[in-house]
Amino acid sequence: MTLPTFQRRLLDALPGDDDTSPRSREVLGACWSRVQPTPVRAPKLLHWSRGLAAELGLEPALMESQETADVLGGNALWPGMAPYAANYGGHQFGHWAGQLGDGRAIVLGELVRPNGASAEVQLKGAGPTAYSRAGDGRAVLRSSLREYLCSEAMHALGVPTTRALSLVQTGDTVVRDMFYDGNPQGEPGAITCRVAPTFLRFGSYQLPMSRGDVDLLRTLVDFTLERWFPEFAGQGRDGYVAWLTEVSRRTARLVAHWQAVGFVHGVLNTDNLSILGLTIDYGPYGWTDDFQLGWTPNTTDAQQRRYAFGSQPGVCLWNVARLCEAALPLLDGAEARAEAVLDDFRQTYGDAATARFAAKLGIAQSAEDEDAALIQAVFDWLGKAETDMTIFFRSLAEVVELPEAPSAVPAATAAAFYGAPDQAHLDAGAALLQRWWRRTRREPATPRELATSMRATNPKFVPRNWLAQTAIEAAEEGDLSVLERLFDVLQRPFDEQPEHADLAQKRPEWARHKPGCSALSCSS
Ligand code: AMP
Ligand code: MG
């Protein structure tokens, strides 16, 4: 079996901290601290992503060996790996929190992929680091399974994301107070192996800036440009502004994509925004079953609702503003140019969101006011009675093929209602669907073609919280079959897969208020 090769470009290019002990501390003037994963009792591979393993050049036989489980559980290293934890800061819930860093994530190394690109391979839950503060550096099975499953489902949905290679059960017990109510319990420990070109995040740049360490900031930004944005490298201030604009655009397009699939991140702190515009750090995330713009799955945010579904675009803009602020020392005070980046975000988000929602409605050419009004009318109607977002949009592919404009809400669409809406709401729905159906007749594509393109845009399967919860409960009992089936179905979210219709259901009533389904804490 061929082992992958590793390089260490980030470690060689950026200053680090020589102290390898996992003792919690402030780390000044450094972007990383070398640290070894802390071994676990009995690492066991529960599941691995065939798609990602193939991209990384890892053969199935290698993936399924105990030696690999040992590496993915933090008990062994492959030659060339040089583990470290990254240093970064962040704004948490709107407040500057200072140094945060990888408190329980350890990058094992930069794997060189068969196509020559590189990928940071990171274990989440691999033990304490310099950045663990009061935390234990560990993760529990429920949150690890959620991150693992959702990362790979997101990728299959076409949404930019960090990836997940494996889910390992550690054989150790991890104590968590899941509801923060003074009832700590032992839970099975687990480690997710996450993979991304880089895990650098907005907070990576904020930390040196907050300490007035402009030299380190410049070194880090120059490295980022050379490595990930070579088109902007070596151009001084203009290059920095172009880079900020690009990061801002990627973030705007990312959040437009989240809105279009109904994903609510849950903790959009600046340490959880990737510099590459990837979805990163899956914690108390959720999928809006009914289209509730005010909904957040994160109980820690239940009062403020800072990170609610409908607030995500605004909060991402706020985060981009914090990134621009962090970069100001490199712009020689050209605040106006940073302002322009924010205007650009608004424009990019508006265009991307309109295009995505128009595509969900089968409308290819979107910018017209009439279409914007139609999209708004759909949002308004969806918000008035509990209606499943995924089922609603998926049903439109059926409705678009009707020979005439529907005179009532068709059964496929009515299947999206959680309750029984009153007649006025049904009438309004019928009128809306007629207006939309007529609009689709002005598209150049045939109704059949529209239905096909809409099915490729509106997923049938998304990793709804209650589905993940069923996989977690089974896995905690040692039964992996629920996870295996769900994972496979979510790899083809746009395919009909009629034999798996039960995984495309509305959230069942039992899941409405159940922890893990409707509400999640940050405890993980
Ligand atoms: P998150 O909310 O997951 O983005 O985490 C915020 C910060 O807390 C990051 O610096 C994490 O590394 C750290 N953290 C979260 N959980 C733990 C834990 N169990 N042990 C150590 N650090 C943690
Ligand atoms: Mg984080």
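Provided above is the structure to which this section pertains.
One structure accompanies this document, and this report is about it. Per-chain numbering applies: the sequence of each chain, read as written, is numbered from 1 onward. Going through the entries in the order they are written, you letter the chains from A and number the ligands from 1. Local features are withheld for residues below a pLDDT of 70 in this predicted model, meaning they are given only at 70 or higher, and side-chain atom pairs are given and counted only at 80 or more; totals for whole chains, interfaces and linings count all residues. The basis for every side-chain value is the complete set of non-hydrogen atoms in the structure, without hydrogens or water.

**Considering the pattern of salt bridges**
In step 1: Whenever Lys or Arg places a side-chain nitrogen within 4 Å of a carboxyl oxygen from Asp or Glu, that contact is recorded as a salt bridge. Overall, the coordinates contain 38 salt bridges when judged by the stated rule.
In step 2: Across the pair glutamate 26 and arginine 211 runs a salt bridge whose closest N-O atoms are separated by 3.0 Å. Separated by 185 residues along the polypeptide, glutamate 26 in the loop between β2 (16–17) and β3 (32–34) and arginine 211 in the loop between α6 (202–210) and α7 (214–228) bring together distant segments of the chain.
In step 3: Residue arginine 142 pairs with glutamate 187 through a salt bridge whose shortest N-O separation is 2.8 Å. Highlighted residues: arginine 142 in helix α5 (residues 141–157) and glutamate 187 in strand β11 (residues 185–196), separated in sequence by 45 residues.
In step 4: Burial classes: relative accessible area under 20% of the type maximum marks a residue as buried, over 50% as exposed, and values in between as partly exposed (1.4 Å probe, protein chains only). The class of arginine 142 is buried, set by a relative accessible area of 12%. Numbering of helices and strands runs from the N terminus; a helix is a DSSP stretch of H or I covering at least four residues, while a strand is a stretch of E covering at least two.

**Topic: the side chain of serine 521**
In step 1: Topologically, serine 521 is positioned in the segment after α17 (481–490).
In step 2: By relative accessible area, which is 13% here, serine 521 ends up buried.
In step 3: Throughout this description, a polar contact denotes any pair of N or O atoms lying within 3.5 Å of each other; where both atoms belong to protein, one of them has to be capable of donating a hydrogen while the other can accept it, and for residues adjacent in sequence the pair is counted only when both atoms sit in side chains. Reaching out from serine 521, the side chain makes a polar contact with the backbone nitrogen of serine 523 at a distance of 3.2 Å.
In step 4: Two residues qualify as a contact provided that any one of their heavy atoms is within 4.5 Å of a heavy atom in the partner residue. Here serine 521 is in contact with Met178, Tyr180, Pro284 and Thr299, once residues within four sequence places are set aside.

**Remarks on the site of ligand 1**
In step 1: Of all residues adjacent to ligand 1, which total 16 residues, the nearest are Gly101, Gly103, Arg133, Gly137 and Asn272.
In step 2: One of the side-chain nitrogen or oxygen atoms of aspartate 136 is found 3.1 Å away from a nitrogen atom of ligand 1.
In step 3: For ligand 1, an oxygen atom lies 3.0 Å from a polar atom in the side chain of asparagine 272.
In step 4: Note on areas: these come from Shrake-Rupley sampling with a 1.4 Å probe, and a residue is covered only by the protein chains present in the view. In the complex, 80% of the free accessible area of ligand 1, which totals 480 Å², lies under the protein chains.
In step 5: Buriedness of a pocket was judged along seven lines, with at least five required to meet protein on both sides within 12 Å; pockets are open sets of points on a 1 Å grid over the protein atoms alone, cavities are sets where a 1.4 Å probe fits but cannot get out, and lining residues have an atom within 4 Å of a point. For a molecule to be placed in a cavity or pocket, more than half of its atoms must lie within 2 Å of the grid points of that cavity or pocket. When atoms are counted within 2 Å of each cavity's grid points, the one that captures over half of ligand 1 is the largest pocket.
In step 6: Three residue categories are used. Nonpolar comprises Ala, Val, Leu, Ile, Met, Phe, Trp, Tyr, Cys and Pro, charged comprises Asp, Glu, Lys and Arg, and polar comprises the others, including Gly. Among the residues making up the shell around ligand 1, the classes are represented as 1 nonpolar, 7 polar and 8 charged. Throughout this document, a residue counts as near a molecule or strand when at least one of its heavy atoms sits within 4 Å of that molecule or strand.

**Some words on the coordination of the magnesium ion (ligand 2)**
In step 1: Within the protein, the atoms that donate to the magnesium ion (ligand 2) are Asn272 (OD1) and Asp281 (OD), at distances of 2.1 to 2.2 Å. Here the two residues asparagine 272 and aspartate 281 agree in accessibility, since each one is buried. Donor atoms (N, O, S) are those found within 2.8 Å of the metal centre, with the cutoff raised to 3.2 Å for Na, K and Ca; water is not part of the atom list, so apparent gaps in a site can occur.

**Some words on the packing of α5 against helix α16 (residues 465–476)**
In step 1: Interaxial angles span 0 to 180 degrees and are taken between N-to-C directions of axes, which are lines fitted to C-alpha atoms, for helices over the stretch in contact. Across the interface, α5 lies against α16 with an axial gap of 10 Å and an inter-helix angle of 130°. Classified by the angle between their axes, α5 and α16 sit oblique to one another. Where α5 crosses over α16, the two elements pack in a sense that is right-handed. Two secondary-structure elements touch here, α5 through Leu141, Arg142, Leu145, Arg146 and Leu149 and α16 through Asn465, Ala468, Ala471, Ile472, Ala475 and Glu476.
In step 2: A class-by-class count of the residues in the contact of α5 with α16 yields 7 nonpolar, 1 polar and 3 charged. What sets the label is the angle itself: under 35 degrees gives roughly parallel, over 145 gives roughly antiparallel, 65 to 115 gives roughly perpendicular, and the rest give oblique. Put simply, a crossing is left-handed when the front helix is turned counterclockwise from the back one by less than a right angle, and right-handed when it is turned clockwise.

**A short note on empty space enclosed by the protein**
Vacant regions in the atomic arrangement are exposed by a probe of water-molecule size rolled over the atoms.
In step 1: Grid points are joined across faces, edges and corners, and a volume is the space filled by probe spheres set on the points. Applying the stated rule across the entire model yields 4 cavities of 30 Å³ or more.
In step 2: Estimated volume of the largest cavity: approximately 200 Å³.
In step 3: As for the largest cavity, its lining consists of 23 residues, and the residues nearest its centre are Cys31, Ala86, Asn87, Leu200 and Ser204.
In step 4: Where the lining of the largest cavity is concerned, the elements lending two or more residues are β5 (84–86), β9 (118–124), α6 and α7.
In step 5: Considering each element in turn, the lining of the largest cavity owes the most residues, 3 residues, to α6.
In step 6: Residues belonging to the lining of the largest cavity are distributed by class as follows: 15 nonpolar, 4 polar and 4 charged.
In step 7: For every domain, the bounds stem from an assignment made automatically or drawn from a database. Counting only domains with at least three residues in the lining of the largest cavity, you end up with domain 1 (6–199) and domain 2 (203–358).

**Re the state of the cysteines**
Joining two cysteines, a disulfide is a covalent bond between their sulfur atoms.
In step 1: Disulfide: a pair of cysteine sulfur atoms within 2.5 Å of each other. The final tally for this structure, using the stated rule, is 0 disulfides.
In step 2: Unpaired in this structure, cysteine 324 has its nearest cysteine sulfur neighbour in cysteine 316, at a distance of 13 Å.
In step 3: Cysteine cysteine 517 is unpaired, with the sulfur of cysteine 150 as its nearest cysteine sulfur at 14 Å.
In step 4: Using a relative accessible area of 3% as the deciding quantity, one classes cysteine 517 as buried.

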